[in-house]
Amino acid sequence: MNVDDMILVSIDDHVIEPPDMFTGHVPQRWVDQAPKVERSAEGIDRWVFQGVETSTPFGMCAVATWPKEEWGFDPGVFAEVRPACYDVDLRVRDMDAGGVLASMNFPTMAGFNARTFFEADDKELALIMLKAYNDWHVDEWCGSHPGRFIPIGIVPMWDPQLCAAEVRRLADKGCKAISFLEAPHAFGLPSFHNEHWDPMLTAMSETGSVMCMHIGASGGLVTLAPDAPLDHYIILPTQLTLMALQDILFGRTLRSFPDLKVALSEGGIGWIPYYLERADRHVKNQLWIGQDWSERLPSQIFRDQILACFITDPAGVKLRNEIGIDNLAWECDYPHTDSTWPHSPELLWNEFKAANATPDEINKITFENSCRFFDFDLFKHTPRKDATVGTLRARAADVDLSTVSKAEYRSRAEAAGRDGVQA
């Protein structure tokens, strides 16, 4: 086996939604009230819903092929980003160029956890648009290239009964993944320690849907020094995954719902062996607390119900069997700043070589575990012989992978007679 023989499935990438995404997915009665991209007086493209600016979809979220010196939180316009961020046909070409066969794309304009709709005043309208978002994602973005995307939906987290209904509706559409808050209490919602979320968790368990807890939604749980450097806001979110796991493992969630599957998205893996050892030692020693672990230790619950993923994690790959070889998966994080695209195969292969990973172990981490966990038939539309890194890259040899500045992308858009993809 060599680098070109690998088959890659990334279970954490991101879509920069195009301005016309709601077209054809909103009932005619509410078309005029759908979220829209508007250009501000300062020349910034931003999503506006119910009269409120909800998000600017650029900055750190869409840096693919930009020079690193141009990365930052600065908002911009669609014309400045690589078109593959929002054009699904070009996205598939970039996946080919990076050797990635299938990808799960978390939302941007909606927030990882439907925050855009949660914060809207008119919740009836918000629910309509949330469903329209999911329909666009499943039917149009993922549906346009069968076999290349694992669909993921969002739910109306202001109402657990509505969450349950949307989980079931999405499952009927073939979408078995839900992006949800790592720490609901960080947003003033009930925590996982009570029965509030039971309707949603029941629906997920019964439909085989995966609750994907992506980093970045629990920063409010820690208090940083007021003069802390920006580095804290980029590095620490991955560590907060431990806090999210602690909530669902030592709380009631995983024990009350033994069929529930949870993916820890972008949280890394190198920390897991110590955490599981510490958790098991704790429950064996601290009997006075009164927790009932008679059936399964925390480490066993983790191995039964959790999938953890990493972008690059040499220490974690070396400790793969201490974590659980069946609980690990890879991610690319395109087009964010942490992404390894388009050199992911080489970087990943070098980590596998350094850890003396076997071909069977490599296959588990690069695609088998993800496909099993998300019930995704990887070879339904692509024969295995055509699914490898080498084959995908060979058919994308003409894709331009050179570094391109924001100004150059804007210049190209103007030369083509368009100012980005304004709605």
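None of these values were measured; they are calculated from a predicted model.

**Observations regarding the overall build of the protein**
Item 1. Counting its secondary structure elements, the protein contains 15 helices and ten strands.
Item 2. In terms of overall dimensions, the protein is globule-like: its C-alpha atoms have a radius of gyration of 21 Å, near the 22 Å expected for 423 residues.
Item 3. By its C-alpha atoms, the protein is 70 × 55 × 50 Å across when sized along the principal axes.
Item 4. In the protein, the share of contacts with a sequence separation of at least 24, taken over all contacts with a separation of at least 6, comes to 75%.
Item 5. Surface exposure of the protein reaches about 17,600 Å², of which carbon and sulfur atoms provide 50%.

**What to know about the pattern of salt bridges**
Item 1. With the rule as written, the count across this model stands at 21 salt bridges.
Item 2. Note that D135 is salt-bridged to R169, the shortest N-O span being 3.0 Å. Remark: R169 occurs in helix 4 (residues 160-172) and D135 occurs in helix 3 (residues 123-142); sequence separation between them is 34 residues.
Item 3. Using a relative accessible area of 16% as the deciding quantity, one classes D135 as buried.
Item 4. Accessibility expressed as a relative area gives 24% for R169, which makes it partly exposed.
Item 5. Residues D139 and K173 are paired through a salt bridge, measuring 2.9 Å at the closest nitrogen-oxygen approach. Here the residue D139 occupies a position in helix 3, and K173 occupies one in the loop between helix 4 and strand 6 (177-180), the gap between them amounting to 34 residues.
Item 6. For K173, a relative accessible area of 29% gives the class partly exposed.
Item 7. Members of the salt-bridge network, linked through shared partners, are D135, D139, E166, R169 and K173.

**Quick look at helix 8 (residues 272-285)**
Item 1. In this model, helix 8 (14 residues) spans 20 Å end to end at C-alpha, consistent with the 20 Å of a helix rising 1.5 Å per residue.
Item 2. Residues of helix 8 that are buried: I272, P273, Y275, L276, A279, D280 and V283. The arc that holds the buried residues of helix 8, viewed along the axis, is 165°, so those residues lie on one side. Facing away from the buried side of helix 8, by more than 90 degrees, are the exposed residues Y274 and E277.

Rules behind the numbers
Residues numbered from 1 in each chain as written. Predicted model: local features only at pLDDT ≥ 70, side-chain atom pairs only at ≥ 80, totals over all residues. Heavy atoms only, no water. Helix = DSSP H or I, 4+ residues; strand = E, 2+ residues; numbered from the N terminus. Rg over C-alpha atoms; globule rule 2.2 N^0.38 Å. Contact = heavy atoms within 4.5 Å. Areas by Shrake-Rupley, 256 points an atom, 1.4 Å probe, with all protein chains shown as cover. Salt bridge = Lys/Arg side-chain N within 4 Å of Asp/Glu carboxyl O. Buried < 20%, exposed > 50% of the residue type's maximum accessible area, 1.4 Å probe, protein only. Expected span 1.5 Å × (residues − 1). Arc of directions from axis to C-beta.

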